[in-house]
Amino acid sequence: MSALPKFQQDSRSAVYERLSAPGIRSPNQEWLACMLASWQVGEGVLPDFLGLEPAQFSQLQADLFPHANLPTVAVSGSQLDYSRMLEKEDLVRLLQNHANADVLETDWMIAIIVAGCLGSDHLWQDLGLWSRAQLSAMLNHNFPALAVKNDKDMKWKKFIYKQLCEAEGIYVCRAPSCEVCIDYPKCFGAEE
């Protein structure tokens, strides 16, 4: 858990407890409960409806949290500007191409991750997850073919964007391998 002031930890934890009280039935429900708890106390960058379309948000609530009265507006006031995200469709396509076909919540997870990519912190923080380990587990569950490619444990947002660049044949790193690059600590290593 990140180092938050005590009142925020209690608030986030209390919201999480209410969301998970009836029981967690799937891994995505667990991660979504964490994201929703953070979102409801103003953490992360997820906008209104978590970045989902209103109908998707209603379906998410009905399917996974029918007992909860979820707000639709971000407490943080985050309003993400997708017009500055020229690669939005490329991100969606990348995630769709690597999605686990057995996961029902894939479209929701893609939309939420894309919204999180507009933030300026680490992806796990922008999503409102509580640790990088949660993000790694979530990506492994939902996008296993993509996650397995991150065999050097590159920071997730950098890794996802690197995949977009490589798909377009753009290789911006001039070093023959990451291990000799002077920016290695910026791309790899601890985020917490």
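Note: the structure precedes this text.
In this text the structure is predicted, and so the values were computed from the model without any measurement.

The rules we used
- Residues numbered from 1 in each chain as written.
- Predicted model: local features only at pLDDT ≥ 70, side-chain atom pairs only at ≥ 80, totals over all residues.
- Heavy atoms only, no water.
- Helix = DSSP H or I, 4+ residues; strand = E, 2+ residues; numbered from the N terminus.
- Buried < 20%, exposed > 50% of the residue type's maximum accessible area, 1.4 Å probe, protein only.
- Areas by Shrake-Rupley, 256 points an atom, 1.4 Å probe, with all protein chains shown as cover.
- Axes fitted to C-alpha atoms, helices over the stretch in contact; angles between N-to-C directions.
- Parallel < 35°, antiparallel > 145°, perpendicular 65-115°, else oblique.
- Left-handed = near helix turned anticlockwise from the far one by under 90°.
- Contact = heavy atoms within 4.5 Å.
- Nonpolar A, V, L, I, M, F, W, Y, C, P; charged D, E, K, R; others polar.
- Core = buried A, V, L, I, M, F, W, Y, C linked by side-chain atoms within 4.5 Å.
- Salt bridge = Lys/Arg side-chain N within 4 Å of Asp/Glu carboxyl O.
- Phe/Tyr/Trp six-rings, centres within 6.5 Å; stacked < 30°, edge-to-face > 60°.
- Lys NZ or Arg CZ within 6 Å of the ring centre and 35° of its normal.

### Some points on the overall build of the chain
In step 1: The secondary structure content of the chain amounts to 10 helices and zero strands.
In step 2: Evaluated residue by residue, the chain yields a buried proportion of 45% over its 192 residues.
In step 3: Per element, the accessible surface of the chain, about 9900 Å² overall, is 53% carbon and sulfur.

### What about the packing of helix H2 (residues 27–40) against helix H3 (residues 54–64)?
To characterise two packed helices, one gives the angle between the axes of the helices and the distance between these axes.
In step 1: It is the contact of H2 with H3, at a shortest axis distance of 12 Å, that shows an interaxial angle of 120°. Classed by the angle they form, the pair H2 and H3 counts as oblique. In the crossing of H2 with H3, the sense of the turn from one axis to the other is left-handed. Side by side, H2 and H3 meet where Gln29, Leu32, Leu36 and Trp39 of the first sit next to Phe57, Leu60 and Leu64 of the second.
In step 2: Tallied by class, residues from the contact of H2 with H3 come to six nonpolar, one polar and no charged.

### Regarding the nonpolar core
In step 1: Counting residues in hydrophobic clusters, the biggest one holds 55 residues, and the most contacted among them are Met35, Phe65 and Leu127.
In step 2: Apart from the residues within four sequence positions on either side, Phe65 is in contact with Leu19, Gln29, Leu32, Ala33, Leu36, Leu60 and Leu70.

### Notes on helix H7 (residues 132–142)
In step 1: Along H7, the residues that are buried comprise Arg132, Gln134, Leu135, Ser136, Met138, Leu139 and Asn142.
In step 2: Looking at the buried residues of H7, the elements they touch are H2, helix H5 (106–116), helix H6 (123–127), helix H8 (144–147) and helix H9 (156–167).

### Thoughts on the pattern of salt bridges
In step 1: By the definition in use, this model includes five salt bridges.
In step 2: In this structure, Asp90 engages Arg93 in a salt bridge whose closest nitrogen and oxygen atoms are separated by 2.6 Å. Linking Asp90 with Arg93, this pair stays in helix H4 (residues 88–97), spanning three residues, or about one helical turn.
In step 3: Of the residues examined, Asp90 reaches a relative accessible area of 29% and is grouped as partly exposed.
In step 4: The residue Arg132 makes a salt bridge to Asp153 at a minimum N-O spacing of 2.7 Å. Of this pair, Arg132 sits in helix H7 while Asp153 sits in the loop between H8 and H9; the two residues are 21 residues apart in sequence, bridging distant segments of the chain.

### Looking at the environment of Asn140
In step 1: By the secondary structure assignment, Asn140 is in helix H7.
In step 2: Judged by its relative accessible area of 41%, Asn140 is partly exposed.
In step 3: Once the C-alpha coordinates of Asn140 and Asn100 are considered, the two residues, 40 residues apart in sequence, prove to be 9.1 Å apart.

### What to know about unusual backbone geometry
With the exception of glycine, the majority of residues adopt a negative phi angle, and the majority of peptide bonds are in the trans configuration.
In step 1: In the Ramachandran plot, Phe49 falls in the positive-phi region, its phi being about 60° despite a non-glycine side chain.
In step 2: Of note, the phi angle at Asp153 is positive, near 60°, even though the residue is not glycine.

### Things to note about the packing of aromatic side chains
In step 1: Inspection of every chain in the model, using the stated rule, returns four aromatic pairs.
In step 2: Geometrically, the ring pair formed by Phe49 and Phe57 is edge-to-face, given 5.7 Å between the ring centres and 75° between the ring planes.
In step 3: Take Phe57: its relative accessible area is 2%, and that puts it in the buried class.
In step 4: Site record: aromatic cluster; members linked through ring pairs are Trp39, Phe49 and Phe57.
In step 5: The ring of Trp130 is capped by Arg12, whose NZ or CZ atom sits 4.2 Å from the centre of that ring.

### Focus: H5
Each α-helix winds once per 3.6 residues, and so residues spaced three or four apart point in a common direction.
In step 1: Burial of H5 is extensive: 10 of the 11 residues sit out of reach of the surface.
In step 2: All of the buried residues in H5 are Thr106, Trp108, Met109, Ile110, Ala111, Ile112, Ile113, Val114, Ala115 and Gly116.
In step 3: Contacts from the buried residues of H5 go to H2, H3, H4, H6, H7 and H9.

### A look at the environment of Met109
In step 1: Along the chain, the position of Met109 falls in helix H5.
In step 2: Judged by its relative accessible area of 1%, Met109 falls in the buried class.
In step 3: Excluding residues that lie within four positions of it along the chain, Met109 makes contacts with Asn28, Leu32, Met35, Met138, Asn142 and Phe143.

Purely geometric stuff here, so don't read any function into it on its own.
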